[in-house]
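Below, each chain spelled out in residue letters.
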Amino acid sequence: MSKKILITGGTGYIGSHTAVELIQKNYEVFLVDNFSNSHSSVLQGIKRITQIEPHFTKLELTDKQAVAEYFADHHDLDAVIHFAALKAVGESVEKPLLYYQNNLISLLHLLENMIEYQIPYLVFSSSCTVYGEPDKLPIKETAPIKPALSPYGNTKQISEEIIVDLTKAEDNFSAILLRYFNPIGAHPSGLIGELPIGIPNNLVPYITQTAAGIRDVLRIFGDDYDTPDGTCIRDYIHVVDLAKAHIAALERLINAENESNCEVFNIGTGRGHSVLEIVHTFEKVNHIKLNYIIDDRREGDVEKVWADNTKAQKILQWKPQFTIEDALRDAWQWEKNYRGIKT
Ligand code: WQD
């Protein structure tokens, strides 16, 4: 009998790629999403890759009654992977209440139902944002959690604290927190990928939309940082590698291999790349000349950050398999498929 896994934010970027990996490992997958930052067409993409259409329910996690009804109908779930959250740093600064209400109230509704129906395992989508500007690189899980640089980052810090407190209070509830670095790329099939609604905040979808002619020019936010080429450095990780880390975390919980009720892992490649390196690699692997300019710095950007992922490698037996080149090739393939660009 397949284990039943709920994925919140299941038609989102990382949620959909995780659904594919779970289905291909014979889990029974239940997706919920409110389509605030995704589209129902993703379900067809998942089906075309796996030949299985996952269970899907449109669900607003901030609606207490709706969530209670959903869990009353799905109380035999074995675990939950919680992705659903608003995640645009800049928008969170302009609309803090939207972010606190959405990200925290959704989590609380989810957790109270997990306890009510004794669903024992949670994998939570956290972020390297919780570290702020790091003192030491690469960043270990034991690095200090600094005051958040945005309401978005604060919702991730507060969410982690809520989950930690609950795992202390409840004997039959355990969690793994995955702190992502920068997810990029798309499924190699080209059938699912990143689908930002509106103007992309993040670098790689802005690059692919510029290459597709949807955006006129890529603005590189500053080249006067203390880095080899002056542009910011990030740890960009292929979204499929990130999805597989969720499977590894889930199976650690289900197989009761976790050594404490709440464990934390950095999920990154362990290597940093600058914005210009990403741009030039994209141009090289896709044989495209990208139109970009150097612009002013973006408020709130961290200068350089990349992961120490040795804990995840050792304990989750997880290791990134894809290269930056793979990710940037897959990202462009997805953009071309989605836009019907034949080149
Ligand atoms: C990367 C680099 C920009 C766009 C954020 C969140 C993080 C996670 C990933 C959710 C920076 C530069 C970007 C552009 C640019 N999200 N850039 N021109 O800010 O590292 O992380 O998204 O979990 O929590 O904080 O990602 O892709 O926005 O920026 O020059 O048009 O690309 O300045 O140096 P970021 P990003």
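See the structure printed just above.
If you're wondering where the values come from, they're calculated on a predicted model, not measured in any experiment. (Residues numbered from 1 in each chain as written. Predicted model: local features only at pLDDT ≥ 70, side-chain atom pairs only at ≥ 80, totals over all residues. Heavy atoms only, no water.)

1. Notes on the nonpolar core
For step 1, the next point in the chain: Ranked by internal contacts, the top residues of the largest apolar core, which has 42 residues, are Leu 22, Leu 178 and Ile 267.
For step 2, the next point in the chain: Elements supplying a minimum of two residues to this core: β1 (4–8), α1 (13–24), β2 (28–33), α2 (41–50), β4 (79–82), β6 (174–180), α8 (239–254) and β11 (262–267).
For step 3, the next point in the chain: Sort the elements by how many residues they give to this core and α8 lands first, with 10 residues.
For step 4, the next point in the chain: Within the second largest apolar cluster, 25 residues are counted, among which are Val 67, Leu 110, Phe 173 and Leu 177. (Core = buried A, V, L, I, M, F, W, Y, C linked by side-chain atoms within 4.5 Å. Buried < 20%, exposed > 50% of the residue type's maximum accessible area, 1.4 Å probe, protein only. Helix = DSSP H or I, 4+ residues; strand = E, 2+ residues; numbered from the N terminus.)

2. What about the pattern of salt bridges?
For step 1, the next point in the chain: Under the defined criterion, the tally for this structure stands at 19 salt bridges.
For step 2, the next point in the chain: Notably, a salt bridge pairs Lys 244 with Glu 21, separated by 3.1 Å at the nearest N-O pair. Placement of Lys 244 in helix α8 and of Glu 21 in helix α1 is noted, with a sequence separation of 223 residues between them.
For step 3, the next point in the chain: Residue classification places Lys 244 among the partly exposed positions, given a relative accessible area of 35%.
For step 4, the next point in the chain: Judged by relative accessible area, Glu 21 falls into the buried class, the value being 8%.
For step 5, the next point in the chain: Linked through salt bridges whose partners overlap, the residues forming this network are Asp 226, Glu 303 and Lys 304. (Salt bridge = Lys/Arg side-chain N within 4 Å of Asp/Glu carboxyl O.)

3. Remarks on the sheet that holds β2
For step 1, the next point in the chain: Pairing within the open sheet is parallel, and its 7 strands lie in the order β3-β2-β1-β4-β5-β6-β11. For this open sheet the edge positions go to β3 (55–58) and β11, each flanked by a neighbour on one side alone. Averaged over all pairs of adjacent strands, the angle between strand axes in this sheet comes to 20°, irrespective of strand direction.
For step 2, the next point in the chain: Of the pairings in the sheet, the one linking β1 to β4 comprises 4 bridges and is parallel in character. (Pairing = 2+ DSSP bridges. Axes fitted to C-alpha atoms, helices over the stretch in contact; angles between N-to-C directions.)

4. A short note on the pairing of β4
For step 1, the next point in the chain: Neither face of β4 is left uncovered, since the one carrying Ala 79 and Ile 81 and the one carrying Val 80 and His 82 both have all their residues buried.
For step 2, the next point in the chain: Here β4 pairs with strand β5 (residues 121–127) via 4 bridges, running parallel. From the neighbouring strand, His 82 faces β5, where its bridge partner is Phe 124.

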